[in-house]
Amino acid sequence: MFKEKFREGIISAKQFDREDIEYILKKGKEMIKIKNSNLLQGKILATLFFEPSTRTRLSFESAMYRLGGNVIGFHSGDVSSIKKGESIADTIRTVENYSDCIVMRHSLEGAATMAAKFAKIPIINAGSGSGEHPTQALLDLLTITEELGSLDGLNIGLMGDLKYGRTVHSLSILLSNFDVNVYFISPTELRMRNRDKDFLQHREVKYKEITNYRKILNILDVLYMTRIQKERFVDTEEYEKIKDFYIFRHNDLNNTKDNFRLLHPLPRITEISPDVDSSEKAIYFKQTYYGIPMRKALLAELMAK
Ligand code: NCD
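Residues numbered from 1 in each chain as written. Predicted model: local features only at pLDDT ≥ 70, side-chain atom pairs only at ≥ 80, totals over all residues. Heavy atoms only, no water.

A. Quick look at the pairing of strand S7 (residues 181–185). The buried count for S7 comes to four of five residues, which makes it a mostly enclosed element. Pairing analysis gives five bridges linking strand S6 (residues 155–159) to S7, with the strands arranged parallel. Looking at the pairing, Gly157 lines up with Tyr183 of S7. Taken together, S6, helix H7 (residues 166–175) and S7 constitute a β-α-β crossover, and its handedness is right-handed. (Buried < 20%, exposed > 50% of the residue type's maximum accessible area, 1.4 Å probe, protein only. Helix = DSSP H or I, 4+ residues; strand = E, 2+ residues; numbered from the N terminus. Pairing = 2+ DSSP bridges. Right-handed = clockwise from strand over helix to strand, strands pointing away.)

Here is the structure:
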């Protein structure tokens, strides 16, 4: 049972097998039809965002309100005891007394795992450094399945900052449960890290690493672009050199299949030119919508009776 298996929360995409993914996608799909309900009436969600966020925090909060629940929390611009030097463990052991579930984003890779160790209530990892962002990957799969029908058989390109981008780490892990061809497209400096590739090899995922996306654009069903993660670079000069490595332009769409779809977790900086936005193939704003039904489904699983 999903509820039982995930009672400590959602920390990593590695917790999910194909059956779990199919189950939660089905629940997400159902939530598309339910705008408002009182399923989580009386429940409180805490959102602790130590790093900036627009879509993740607001969609979790909106999803919670739409299910009749309430939200408390703080975000990076706020004043909380974190500023005084309080540890993650102490923050969690406090906030769990005030809420039924905690959604947390932090710059440390192991932050969510550590929080889950201390908490008696479910923790949802809303981004842990360069590590993972599992709920984003789940909403990405909901987007793809709603738009293209099924995952098996698709050619999927993940492009941009594959080294520091946490969304592509979680997404490639979830995709390893399906029969897909994955193309990792990045500058050599920003390739997937060995530990992530080892995991995929172990799962026998069919993947290729390339630099020039134009070589394979015509065979892709999905291209998932990401921004270069400026805040993770130790050397800002390195970032400056590489930041405009890829710019996807409107004429790139001419070489794509009719059912090609372009996704991006956002924020977009310069990697997709704004003239692409009006194409039906560009679905990154639709993708932001799917965050609501997917997060409603997850919150309902973790908190409803
Ligand atoms: C991503 C994140 O925070 O990891 N954004 C998001 O949650 N939609 C992607 C990013 O910041 O590049």
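B. Layout of the domain arrangement of the protein. What the domain assignment reports for the protein is domain 1 (2–131 + 291–303) and domain 2 (134–288). Its C-alpha centre places domain 1 at a distance of 24 Å from the equivalent point of domain 2. Listed by partner, the interface residues are 35 residues for domain 1 and 30 residues for domain 2. Each partner contributes to the roughly 2,500 Å² buried at the junction of domain 1 and domain 2, and carbon and sulfur atoms together form 58% of this total. When residues of domain 1 are sorted by the area they lose upon contact with domain 2, Arg18, Arg55 and Ser130 head the list and together hold 23% of the total. (Domains from an automatic or database assignment. Contact = heavy atoms within 4.5 Å. Buried area = accessible area lost by both parts, 1.4 Å probe.)

C. Structural detail: the nonpolar core. Counting residues in each nonpolar core, the largest one holds 59 residues, and the members touching the most others are Phe16, Leu141, Leu158 and Leu299. The biggest single contributor to this core is helix H10 (residues 284–303), with eight residues. Setting aside chain neighbours within four positions, we find Leu158 in contact with Val168, Leu171, Ser172, Val182, Tyr183, Phe184, Ile185 and Tyr224. Counting residues in hydrophobic clusters, the runner-up holds 20 residues, among them Tyr213, Met225, Leu262 and Val276. (Core = buried A, V, L, I, M, F, W, Y, C linked by side-chain atoms within 4.5 Å.)

D. Focus on the environment of Arg57. Mapped onto the elements, Arg57 comes out in helix H3 (residues 55–66). Judged by relative accessible area, which is 14%, Arg57 ranks as buried. Along the backbone, Arg57 and Met104 are 47 residues apart, and their C-alpha atoms lie at a distance of 9.1 Å. Setting aside chain neighbours within four positions, we find Arg57 in contact with Thr47, Phe49 and His75.

E. The arrangement of the packing of aromatic side chains in detail. Enumeration over the complete set of coordinates arrives at 14 aromatic pairs. Looking at Lys14, its charged tip hangs above the ring of Phe199, at a distance of 4.7 Å from the centre. (Phe/Tyr/Trp six-rings, centres within 6.5 Å; stacked < 30°, edge-to-face > 60°. Lys NZ or Arg CZ within 6 Å of the ring centre and 35° of its normal.)

F. Local environment of the site of the ligand. Lining the immediate surroundings of the ligand are Thr56, Arg105, His133, Gln136, Arg166, Thr167, Arg227, Gln229, Pro265, Leu266 and Pro267. Side-chain polar atom of His133 to an oxygen atom of the ligand: 2.8 Å apart, as the coordinates give it. In the environment of the ligand, an oxygen atom lies 2.7 Å from a nitrogen or oxygen atom belonging to the side chain of Arg227. When its residues are assigned to classes, the shell around the ligand shows three nonpolar, five polar and three charged. (Near = heavy atom within 4 Å. Polar contact = N/O pair within 3.5 Å; in protein donor to acceptor, adjacent residues only side chain to side chain. Nonpolar A, V, L, I, M, F, W, Y, C, P; charged D, E, K, R; others polar.)

G. Main features of the sheet that holds strand S2 (residues 44–49). Ordered in space as S1-S5-S4-S2-S3, the five strands form an open sheet in which the pairing is parallel. Looking at strand neighbours, the two that pair on one side only are strand S1 (9–10) and strand S3 (70–75), the edges of this open sheet. Pairing geometry for strand S4 (residues 101–106) and strand S5 (residues 123–128), over four bridges, is parallel. Counterpart to Ile102 in the pairing with S5 is Ile123.

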